[in-house]
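Notes for the structure review
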Amino acid sequence: MSTFNLFEIGVLLRGESAAVRSWIDQPVLRRVVLHLGIIVIGAGCYGAAMGWWRAPQQALLVAIKFPLIILLTTAGNGLLNGMLAPLLGLNLTFRQTMVALLMSGAVTAAILGAFAPIAAFLVWNTPPFSPTAMHGVAYRLMKLAHVVVIAFAGCAGNARLFQLLIQLGGNRAVAGRVLFAWLAGNLFLGSQLCWILRPFIGSPDLAVEFIRSHIALQGSFYENLFHTVTDSLSN
Amino acid sequence: MNEQTSPPPVPPDAPPVIPVGSYRSNQLGEDLGERVPIPNFIAAIECVLRHPRRVMFQLREPGAGRLIAALLFISIVCSIIYGLVAGSFSGGPQWWAAPVKITGGLLISALICLPSLYIFASLSGAKVRLAELTGLVAGLLTLMTVLLVGFAPVAWIFSQSTESVAWMGFLHLAFWFISTAFGLRFLHAGFSHAQAKSDTGFMVWTIIFLLVMVQMSTALRPIIGRADTFLPVQKQFFLMHWEGCINAK
């Protein structure tokens, strides 16, 4: 029985076409487990670094939530993404769709994991998280750093997915259509899952908890966004 | 002297892989895979999603009634599943009312619009039988409702997260619109194989079908929210209803 080969992470990050194509065509359980492991560890480490500024307990909770968002988004949209691929011209099976999305998630998580020590170093060099710190430069810098890292990791993951889809479909237009549809769906669901599973950085005034149980299921991300925009415009 | 004769070709056991771009315009049935009958419900869903030309070809064959019945059955089951998700927003009587209304509304809308589709198809010069058109509409419903089931996990998460009927109504409408667009693409592909001289009739019918469906959602309200009666007491045009929902928020 073949064992886990951690060098496959490099193959995945480089997007070596022949190897990755064969992983999609002939998915094997151990590789799926490896990709799941990369997501859990990579995104988990970054989540821990993010939550560490508030409290060690918050670090643990965000380390659970970060991979959970990637996995729940992939699972929640899996059926839909599997249907959209053939309808938009890419003859992928459900299994191949899930494997491709899992690979993209693994690339994103591997990058996040690689940035986790840097994020932790940033936290270590930042003044303790206090009510005054929330209104200072440190908090804004921390948020900006997280946004940049997560955006970079997400873009890199999707760039690899795009290359893979071009290879599978043999056509940039088809690959672009499928990627756009998948991204739109994942962004739509992922944003709401992040909203439900907040907080991530946390707040010094509020208790450390997995989700804000009293408000987690009150309203959606998009309603909040809509009200924020309309309030801003009316003011 | 006896001539060596080659044995007759044996039909393949499994359909060959049909290339992507399944809505291409060559003759239906040219590909041997399209001639293989669709044996069960799962294969029917698979074909509607991946090999629509196989469905279109089979709808022209004798005994297409079984396939049409299968497609309608899939539509009903998928509508019920999506209806349960829609009903989970309000709970209570909506657990059964929403699936009944969504399933009934879809089937009645299709039934109401079927005669006009036949008329428009004939006026466009399409050589198509009513049974084949019925099958294509059943295919439209199948693709639409299967896609709605794909949207169901997302709809469920939002159903549990918000109390805004207007937002949920908008979300369900968006999912319905995307699913219907794919369904109509399937129908249009089937229509284009019927040698119609123009697409105008189909376009006009599409507008009528969409209007009937959105009005049906108003006529059968509430599908998401709560009410004392199963059906509305007051008759309303869908635009007025939507305006009322937005203002109520």
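Given the structure is predicted, the values throughout are model-derived calculations rather than measurements. As a convention, each chain's residues are numbered from 1 in the sequence order in which they are written. Following the order in which they are written, the chains are lettered starting with A and the ligands numbered starting with 1. Whole-chain, interface and lining totals are the exception, using all residues; otherwise, since this is a predicted model, local features are given only for residues with pLDDT of at least 70 and side-chain atom pairs are given and counted only at 80 or more.

**Details of the overall build of chain A**
Stated precisely, the cut-off is as follows: Counting from the N terminus, the helices are the DSSP runs of H or I reaching at least four residues and the strands are the DSSP runs of E reaching at least two. A pair of residues counts as a contact when their C-beta atoms, built from backbone coordinates, are within 7 Å of each other.
The helix and strand tally for chain A stands at 8 helices and 0 strands. Each principal axis of the C-alpha atoms in chain A carries an extent, and together these give about 55 × 45 × 30 Å. Nonlocal contacts in chain A, meaning residues at least 24 apart in sequence, comprise 74% of its contacts between residues at least 6 apart.

**A look at the overall build of chain B**
Using the following cut-off: Put plainly, a residue is buried at 20 or more neighbouring C-beta atoms within 10 Å of its own, exposed at 12 or fewer, and partly exposed in between, counting only other residues' C-beta atoms, which are placed from the backbone.
Broken down by element type, chain B carries 8 helices and 0 strands. Starting at the N terminus and ending at the C terminus, chain B contains elements arranged as α-α-α-α-α-α-α-α. Scored against the burial criterion, the 249 residues of chain B give a buried share of 43%. Within chain B, residue pairs in contact and separated by at least 24 positions form 70% of the contacts whose partners lie at least 6 positions apart.

**Details of the packing of helix α2 (residues 17–25) of chain A against helix α5 (residues 94–124) of chain A**
When two helices pack together, their arrangement is given by the angle between the helix axes and the distance between those axes. All names here are of chain A. Keep this limit in mind: Axis lines are fitted to C-alpha atoms, over the contacting stretch for helices. Their N-to-C directions set the angle, which ranges from 0 to 180 degrees. When describing relative orientation, an angle under 35 degrees is termed roughly parallel and one over 145 degrees roughly antiparallel, while 65 to 115 degrees is termed roughly perpendicular and anything else oblique. Residues are grouped as follows: Ala, Val, Leu, Ile, Met, Phe, Trp, Tyr, Cys and Pro are nonpolar; Asp, Glu, Lys and Arg are charged; all remaining types, including Gly, are polar.
With their axes 8 Å apart at the nearest point, α2 and α5 run at an angle of 135° to one another. Here α2 lies oblique to α5, going by the angle between them. Facing V20, W23 and I24 of α2, the residues of α5 in contact are Q96, V99, A100 and M103. For the contact of α2 with α5, the class distribution of residues is 6 nonpolar, 1 polar and no charged.

**As for the environment of B:S116**
Residue and element names in this part refer to chain B. Looking at where S116 falls in the secondary structure, it is placed in helix α4 (residues 94–123). When the 15 C-beta atoms within 10 Å are taken as the criterion, S116 is described as partly exposed. Here the alpha-carbon distance between S116 and G201, two residues 85 residues apart in the chain, equals 9.7 Å.

**Remarks on the interface of chain B and chain A**
With 18 residues of chain B in contact, the opposing surface of chain A contributes 19 residues. Put simply, the parts of the chain that give the side of chain B that touches chain A at least two residues each are α1 (41–50), α5 (130–161) and α6 (165–192) of chain B. Tallying contributions element by element places α5(B) first for the side of chain B that touches chain A, with 10 residues. Tallied by class, the residues present in the side of chain B that touches chain A amount to 11 nonpolar, 6 polar and 1 charged.

**Digging into unusual backbone geometry**
A:P199 follows A:R198 through a cis peptide bond whose omega is 10°. Looking at the element boundaries, A:P199 is found in the loop between α7 (172–196) and α8 (221–234). Cis geometry is found at the peptide bond from B:R221 to B:P222, where omega equals 0°. With respect to the helices and strands, B:P222 occurs in the loop between α7 (200–219) and α8 (238–248). The residue B:Q195 is not glycine, and still its phi comes out positive at about 60°.

**Observations regarding α5(B)**
Residues and elements named next belong to chain B. Applied cut-off: Take the number of residues in a helix, subtract one, and multiply by 1.5 Å to get its expected span. Fitting axes to the seven residues ending at a residue and to the seven starting there, one defines the bend at that residue as the angle between these axes.
Across its 32 residues, α5 extends 45 Å between first and last C-alpha, which sits within 8% of the 46 Å expected from 1.5 Å per residue. By the largest-angle criterion, F151 marks the main kink of α5, which is about 45°, and a proline, P153, follows within four residues. Across the 32 residues of α5, 26 count as buried, placing the element largely inside the fold.

**Examining the nonpolar core**
Where a protein is soluble and globular, its nonpolar side chains tend to be buried together. Put simply, the rule reads: Remark: nonpolar core denotes a set of buried Ala, Val, Leu, Ile, Met, Phe, Trp, Tyr and Cys residues whose joining runs through C-beta atoms within 7 Å.
Of all hydrophobic cores here, the largest spans 129 residues; its most connected members are A:Y46, A:V178 and B:V146. Of the residues forming this core, the biggest block, 17 residues, is contributed by α5(B). In contact with A:Y46, not counting residues within four places along its chain, are A:F66, A:L112, A:G113, A:F115, A:A116 and A:A119.

**Here we look at the packing of α7(A) against α5(B)**
We apply this condition: Throughout, a crossing is termed right-handed when the near helix is turned clockwise from the far one, and left-handed when it is turned anticlockwise from it by less than a right angle.
Packing of α7(A) against α5(B) brings their axes to within 11 Å, and their N-to-C directions diverge by 30°. Where α7(A) crosses over α5(B), the two elements pack in a sense that is left-handed. Residues A:F188, A:L189, A:Q192 and A:I196 of α7(A) touch α5(B), and the partners they reach there are B:V154, B:I157, B:F158 and B:S161. Residue composition of the contact of α7(A) with α5(B), by class: 6 nonpolar, 2 polar and no charged.

**Overview of the confidence of the model for chain B**
Residue and element names in this part refer to chain B. Rules: For every residue, the predictor assigns a confidence score, pLDDT, that lies between 0 and 100.
Summarising the model, chain B shows a mean pLDDT of 86, and 90% of its residues fall at 70 or more. Mean pLDDT per element in chain B: α8 is the minimum at 83, and helix α3 (residues 64–87) is the maximum at 96. Here residues 1–5 is a poorly scored stretch, pLDDT under 50, and it has 0 contacts once near neighbours within four places are set aside; other chains count. Note on residues 9–21: pLDDT is under 50 here. Beyond four places in sequence and across chains, it has 13 contacts. The ipTM value of the predicted complex is 0.75, and its pTM value is 0.82.

**Some points on the environment of A:E223**
Considering the arrangement of structural elements, one finds A:E223 in helix α8. The exposure class assigned to A:E223 is partly exposed, which follows from the 19 C-beta atoms found within 10 Å. The spacing of A:E223 and A:E16 is 207 residues in sequence and 42 Å in space, taken between C-alpha atoms. Every residue in contact with A:E223, bar those within four places of it in the chain, is listed here: B:T162, B:S164 and B:W167.

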